[in-house]
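# Residue-level structural notes
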Amino acid sequence: MISLLAKKSQIHRNTPNVFRYASASFLDNMSHFYKETCKEIGLSDELTSIILQPEHSIETSHQIFPKNADGSKGSPILFKGYRVIHKSYLKPSLGGFRMDRNFEMEDYEAMAAYNTIRNAICKIPMTGSGGGINLERKNRQNEKVLSLALETFVTELATKNFLGPHIDVSMPALNSGSFEMDRIAQAYIHGVGNKAMSPLACATGKSIDYSGIELRADAPGVGSFLALNKILNSPELTKAHNIKQGLKGKRVIFLGFGSRGLTLSKLLVENGAKVVGVLEQGNGIYCTNEEDGFDPENIKKYQDEMGKLRGFPESIADPEVYNRPCDILVSYVHTAENRITEEKAKKLRCAVFAEQSMGNLTPKGDQMLNSMGVLVLPDVLSSLGEPVSSYIEY
């Protein structure tokens, strides 16, 4: 059943896509996608409702007391934790662990359903899940506080059978990486000991020391590159959108960068494309040497050293660099205020819009890009490097 839904998530300028139907409620948008797809393949409303409903969910509240530098008891820190398992007809489930103050239970329900579809597209025999904690940023940046928060939440999940190699497996998502996955595995082992078979498999995206795999951090960028390379070498798609076939000479602008953007940009440049613009944390730069473009490594190095992009050599500042003409606009935006609305979409001058996270486009923004003839690569297809690499590690 889910594989039928997955087959409907193909690139087509008139096909509804959940990740382009972002509005006030992410869950409503996900539901819209499922209902439209189920209707198209002839499923009844009753069966559609059953498919939509998540099977298991848990919301927890915690209070932790990190120790001060002198060893005394520190001030209390409050946070909530969430985990949703969409379906259990295949076990275990697999889904991201996100640290986001703005996500609540219904958002994680949508995230879990999204991961079921994504896993099905990859033919991974695992259903989808999603969850995380809403720890404030200043506390996430303190390793001792973060470790204590993760240990507290993971212990709760494990004792209530919401985590484990044969129940539900975590992988990195927004604001989490190998450090967080290592702590999850460590806390799980501490809680269950050797009672579980292969306890380290409760989380993926871990470091090598915790049985992670080489180049796992590069997997999302590699997956995005393979998807872009595929559509831009498709005679049917490129002809339909009047785009020259191939990556050679393509001008690329990044809306958001980070480590994932670095991997993708390096692969694009190696295959003949040029990075001509980047917007990161409000700082936009455009390359004055458009013929050659930026060196992605130099961008990341400058950003790490200076903490911003402003002043980067051979560039001009432009906070709306994404409105400049380009062949590919890669969007990593995560926050509601940065989504591509109808008004923003009108100003874009790209031939391809590559979605790299959930909810990049609002419904009207998507419709506007369609009317402009822009080829949209949905996140559900461009982010498959994450579940595939996690399944290999698992």
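Everything discussed here concerns the structure shown above.
Not measured: the values here are computed from a predicted model. (Residues numbered from 1 in each chain as written. Predicted model: local features only at pLDDT ≥ 70, side-chain atom pairs only at ≥ 80, totals over all residues. Heavy atoms only, no water.)

### Notes on the packing of aromatic side chains
Using the following cut-off: Any Phe, Tyr or Trp ring, taking Trp's six-membered ring, that has another such ring centre within 6.5 Å forms a pair; planes under 30 degrees apart are called stacked, those over 60 apart edge-to-face, and the others tilted. Secondary structure elements follow DSSP: runs of H or I of four or more residues count as helices, runs of E of two or more count as strands, with numbering from the N terminus. Under the scheme applied here, a residue whose accessible area is under 20% of the maximum for its type counts as buried, over 50% as exposed, and between as partly exposed, the area being computed with a 1.4 Å probe on protein chains only. Only when the NZ of Lys or the CZ of Arg is both within 6 Å of the ring centre and within 35 degrees of the ring normal is a charge said to sit over the ring.
The tally for this structure, following the rule as stated, stands at seven aromatic pairs. Considering the side-chain rings of F294 and F312, the 5.4 Å spacing of their centres and the 80 degrees angle between planes classify their relative orientation as edge-to-face. Taken together, the residues F294 in the loop between strand 8 (283-287) and helix 11 (296-306) and F312 in the loop between helix 11 and strand 9 (315-317) connect sequence positions 18 residues apart. Take F294 and F312: they sit in the same class, and that class is buried. Above the face of the F103 ring, R98 is positioned so that its terminal group lies 3.9 Å from the ring centre. The ring of Y286 is capped by R324, whose NZ or CZ atom sits 4.2 Å from the centre of that ring.

### Some words on the side chain of D318
Note the cut-off: What qualifies as a polar contact is a pair of N or O atoms within 3.5 Å, subject to a donor-acceptor requirement within protein and to the restriction that residues adjacent in sequence count only when both atoms come from side chains. Here, two residues are considered to be in contact whenever any of their heavy atoms come within 4.5 Å of each other.
Here D318 shows up in the loop between strand 9 and strand 10 (326-331). From its side chain, D318 meets the backbone nitrogen of E320 in a polar contact 3.0 Å long. Other than its neighbours up to four places away in sequence, D318 contacts G284, I285 and R324.

### Quick word on the environment of L348
You can see L348 is positioned in the loop between helix 12 (342-347) and strand 11 (350-355). Measuring from C-alpha to C-alpha, the distance between L348 and Y322 comes to 6.9 Å, with 26 residues separating the pair along the chain. Not counting residues up to four positions away in its chain, the partners in contact with L348 are Y322, N323, L329, I340, F353, L369 and M372.

### Some thoughts on the sheet that holds strand 4 (residues 127-133)
Heads up, the condition is: Strands pair, by our definition, only if DSSP identifies at least two bridges between them. In this analysis, axes come from line fits to C-alpha atoms, helices being fitted only over the stretch in contact, and the angle between any two N-to-C directions falls in the range 0 to 180 degrees.
Strand order across the open sheet formed by five strands is 1-2-4-3-5, with mixed pairing between neighbours. Pairing within the sheet leaves two strands with one partner each, and these edge strands are strand 1 (56-64) and strand 5 (168-172). Here the strands of the sheet are splayed against their neighbours by 20 degrees on average, with no regard to which way each runs. Across the sheet, helix 6 (residues 143-159) is in contact with strand 1, strand 2 (77-85), strand 3 (93-99) and strand 4; its angle to strand 1 comes to roughly 140 degrees. Against the sheet, helix 15 (residues 385-393) touches strand 3 and strand 5, its axis set at about 125 degrees to strand 5.

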